[in-house]
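Secondary and tertiary structure notes
The primary structure of each chain is shown beneath.
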Amino acid sequence: MSKRATALARRLLAGLSLGVLMAAGAAQADTVLVTADHLVDVLAGKVVDRPAVLIVDGRITAVGAQGTVTAPADARTVALPGLTLLPGLIDMHTHMTSQPTWNGYESLGVTTADKAIAGVANAKVTLMAGFTAVRNVGADAFTDVALRNAIDSGLVPGPRMKVSGPLLGATGGHCDENLLPADYGRVGEGVADSPWGMVQKVRWVKKFGADLVKVCATGGVLSKGDSPGAQQLSQEELDAIAKEAHALGMKVAAHAHGTDGIKAAIRAGIDTIEHASLIDDEGIEMAKKRGTWLGMDIYNDDYILAEGAKVGMLPESLEKERKIGRVQRENFAKAVKAGAKMIYSTDAGVYPHGDNGKQFAKMVQWGMTPLEAIRTATRNAAEAMGTAQDIGAVAVGRYGDLVAVKGDPLADVTLLEHIPVVIKGGEVVKDQR
């Protein structure tokens, strides 16, 4: 055979091989048809009867009434009679590599390996609770980056994750290590004390795999020696953080309890304000005007006051919580009434992972309708995270992430505390009907 004929034969063989592989891939496409009695359409704000959702290779390709959605003959069917479908839920404030028992001086005995292993367990528990996506806002030694990567690779089960890596903050602040005396020289990983220092820290977390930046604009409840209401980063530092993060394509979440720190973070253009406990009317209006999202963790006050002393929380932390817990809930009600943009942020890890759904009832108690509360953990969360093209609704093009409950969650939002069916990317990961 001539060299020309040999080359032609090789090209033909390569083309045939490619065609065979493409045909095999098409034939092996995973197709799932999910049916139920009802569907909460969070985009339209209504309940749809007898829905059918077609999922191909993990993404939704069709949504309609049963009988109008055509599925291939080889499609798997997941029939959920008597159940109501919702989009997979999203918690925008978690600490997946933390445990509620790691508090105060007990936390000094916890290793990086302990945190990584706990993250694996917590990820599964969170997914089983119906939260198919989370934002992790603070983890030592980039353990949340490792956990996200392990989930994405299929090594361990868990929700889709956007992660911040270590917290950024000021010396002696909420994000520093304040439990040990100066002799030990312990300093928080993300500590810096100037605008340029903060820019460097933003670049550092980006370098090692963070999706977003988490900063501590004010003091906190569970930190030693500071006041939740005190501003800990200057306007210039917050401005520098937001500018650099946004230039790198990263969103910014600001831990901010205090009134002045909240407003400074909003002025800086930070995307979400976490806790927002002492926000005032002016701060609410600023958030509305600038489109800043508020994530107010109004459930965990119950857990902290009931269980905090038992799990090693410092007496000063419990006293701080007594002072601001009720005020935070009252300000949540004001923000809801004013029409501020709200997301579902619970601070999971302060309370036991898997109890994320308990905040829905608190949100309804303090002024939201059940639909509004559900939207904070679906449509709103996806928009605030920058992932509305992928999650947050049962809609064509988004991942096939669904949960199902028995009953009407718009009549009884506590149904979301115990979710019997969870589907992630078209795969049924929990079915306890």
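Residues numbered from 1 in each chain as written. Predicted model: local features only at pLDDT ≥ 70, side-chain atom pairs only at ≥ 80, totals over all residues. Heavy atoms only, no water.

**Quick word on the sheet that holds strand 6 (residues 89-94)**
Short version of the rule: For two strands to pair, DSSP has to find at least two bridges joining them. Each helix is a run of H or I in the DSSP string that is no shorter than four residues. Each strand is a run of E no shorter than two, and both are numbered from the N terminus. Angles shown run from 0 to 180 degrees and are taken between the N-to-C directions of axes, each axis being a line fitted to C-alpha atoms and, for helices, limited to the stretch in contact. Here, residues are in contact when the closest pair of their heavy atoms is within 4.5 Å.
Strand order across the open sheet formed by 3 strands is 6-7-8, with parallel pairing between neighbours. Whereas interior strands pair on both sides, the edge strands pair on one side only; in this sheet they are strand 6 and strand 8 (160-163). Within this sheet the neighbouring strands show an average axis-to-axis angle of 15°, counted without direction. Summarising the sheet, strand 6 and strand 7 (residues 131-136) pair through 4 bridges and their orientation is parallel. Bridging across to strand 7, Thr94 finds its partner in Asn136. Here helix 3 (residues 143-152) sits on the sheet and contacts strand 7 and strand 8; the angle it forms with strand 8, its principal contact strand, is near 155°.

**A short note on the pairing of strand 11 (residues 272-275)**
Note the following rule: By convention, a crossover is right-handed whenever its connection, traced from the first strand over the helix to the second and viewed with the strands pointing away, goes clockwise.
As paired strands, strand 10 (residues 251-256) and strand 11 are joined by 4 bridges and run parallel to one another. Each residue of the ladder has a partner; that of Ala253, found in strand 11, is Thr272. A crossover links strand 10 with its parallel partner strand 11, the connecting element being helix 6 (residues 259-268), and its sense is right-handed. Once you follow strand 11 into helix 7 (residues 281-290) and on to strand 12 (residues 293-295), the crossover reads as right-handed.

**Quick notes on the state of the cysteines**
Here a disulfide denotes a covalent bond joining the sulfur atom of one cysteine to the sulfur atom of another. Quick note on the threshold: When the sulfur atoms of two cysteines come within 2.5 Å, that pair is taken as a disulfide.
The final tally for this structure, using the stated rule, is 1 disulfide. Across the disulfide, Cys175 is cross-linked to Cys216 (sulfur-sulfur distance 1.7 Å). Taking the torsion about the S-S bond as the criterion, the Cys175 to Cys216 disulfide, at about 65°, is right-handed. Taken together, the residues span a long stretch of sequence, with Cys175 in the loop between strand 8 and helix 4 (195-207) and Cys216 in strand 9 (residues 212-216) at a distance of 41 residues.

**Quick word on the sheet that holds strand 10**
In spatial order, the strands read 9-10-11-12-13; together these 5 strands make up an open sheet with parallel pairing. One side of each edge strand has no neighbouring strand; the edge strands of this open sheet are strand 9 and strand 13 (341-342).

**Comments concerning the environment of Pro352**
So the rule is basically this: Each residue is placed in one exposure class: buried if its accessible area under a 1.4 Å probe, protein chains only, is under 20% of its type's maximum, exposed if it is over 50%, and partly exposed if it falls in between.
Checked against the element boundaries, Pro352 lands in the loop between strand 13 and helix 10 (359-365). Accessibility expressed as a relative area gives 27% for Pro352, which makes it partly exposed. Along the chain, Pro352 and Arg326 lie 26 residues apart, while their C-alpha atoms are 21 Å from each other. Each residue touching Pro352, except ones within four places of it in the same chain, is listed here: Pro100 and Tyr303.

**Focus on the domain arrangement of the chain**
Let me state the cut-off plainly: What counts as a domain boundary in this text is fixed by an automatic or database domain assignment. Buried area: the accessible surface (1.4 Å probe) lost by two parts on joining, summed over both. In what follows, salt bridge is the name for a side-chain nitrogen of Lys or Arg lying within 4 Å of a carboxyl oxygen of Asp or Glu. We call two N or O atoms a polar contact when they sit within 3.5 Å, provided that within protein one can donate a hydrogen and the other can accept it, with sequence-adjacent residues counted only if both atoms are side-chain atoms.
For the chain, the domain assignment lists domain 1 (31-87 + 394-431) and domain 2 (89-385). Computed from C-alpha coordinates alone, the two centres of domain 1 and domain 2 are separated by 30 Å. In this complex, domain 1 contributes 22 residues to the contact, which on the side of domain 2 involves 21 residues. Across the interface of domain 1 and domain 2, roughly 1,900 Å² is buried in total on both sides, 69% from carbon and sulfur atoms. When the area that domain 1 buries against domain 2 is broken down by residue, the three leading residues are Val42, Val413 and Lys424, summing to 28%. Summed over the shared surface of domain 1 and domain 2, the result is 1 salt bridge. Across the pair Arg160 and Asp401 runs a salt bridge whose closest N-O atoms are separated by 2.8 Å. Run the count over domain 1 and domain 2 and you get 6 residue pairs in polar contact (both at pLDDT 80 or more). Mapped by element, the contributors of at least two residues to the side of domain 1 that touches domain 2 are strand 5 (76-87), strand 15 (421-424) and strand 16 (427-431). For the side of domain 1 that touches domain 2, the element with the most residues is strand 15, which contributes 3 residues.

**Some remarks on the UniProt feature "domain: Amidohydrolase-related" (unreviewed entry) in the chain**
Our working definition: UniProt positions are given in the numbering used here, feature names are shortened, and annotations may be inferred rather than shown by experiment.
Per the UniProt entry, the sites bearing "domain: Amidohydrolase-related" (unreviewed entry) are residues 84-429 in this numbering. Helix makes up 36% of residues 84-429 and strand 15%. Its end C-alpha atoms lie 17 Å apart.

**Observations concerning helix 8 (residues 300-307)**
Convention followed: The arc refers to the directions leading from the helix axis to the C-beta atoms.
Among the residues making up helix 8, those that are buried are Asn300, Asp301, Tyr303 and Ile304. Around the axis of helix 8, the buried residues are gathered within 165° of arc, so they sit on the same side. As for helix 8, its buried residues are in contact with helix 9 (315-338).

**Points about the nonpolar core**
Note the threshold: By nonpolar core is meant a set of buried Ala, Val, Leu, Ile, Met, Phe, Trp, Tyr and Cys residues that side-chain atoms within 4.5 Å join together.
If you look at the biggest cluster of nonpolar residues, it comprises 74 residues, and the most contacted ones within it are Val213, Val215, Ile270, Ile273, Leu294 and Phe360. Of the residues forming this core, the biggest block, 5 residues, is contributed by helix 6. The residues that make up this core include at least three from each of domain 1 (31-87 + 394-431) and domain 2 (89-385). Ignoring anything within four residues of it in the chain, the contact list for Ile273 reads Ala254, Ala256, Ile262, Ala265, Ile266, Thr292, Trp293, Leu294 and Gly295. Core analysis: the next-biggest nonpolar cluster, separate from the first, contains 16 residues, Val53, Leu80, Leu85 and Val394 among them.

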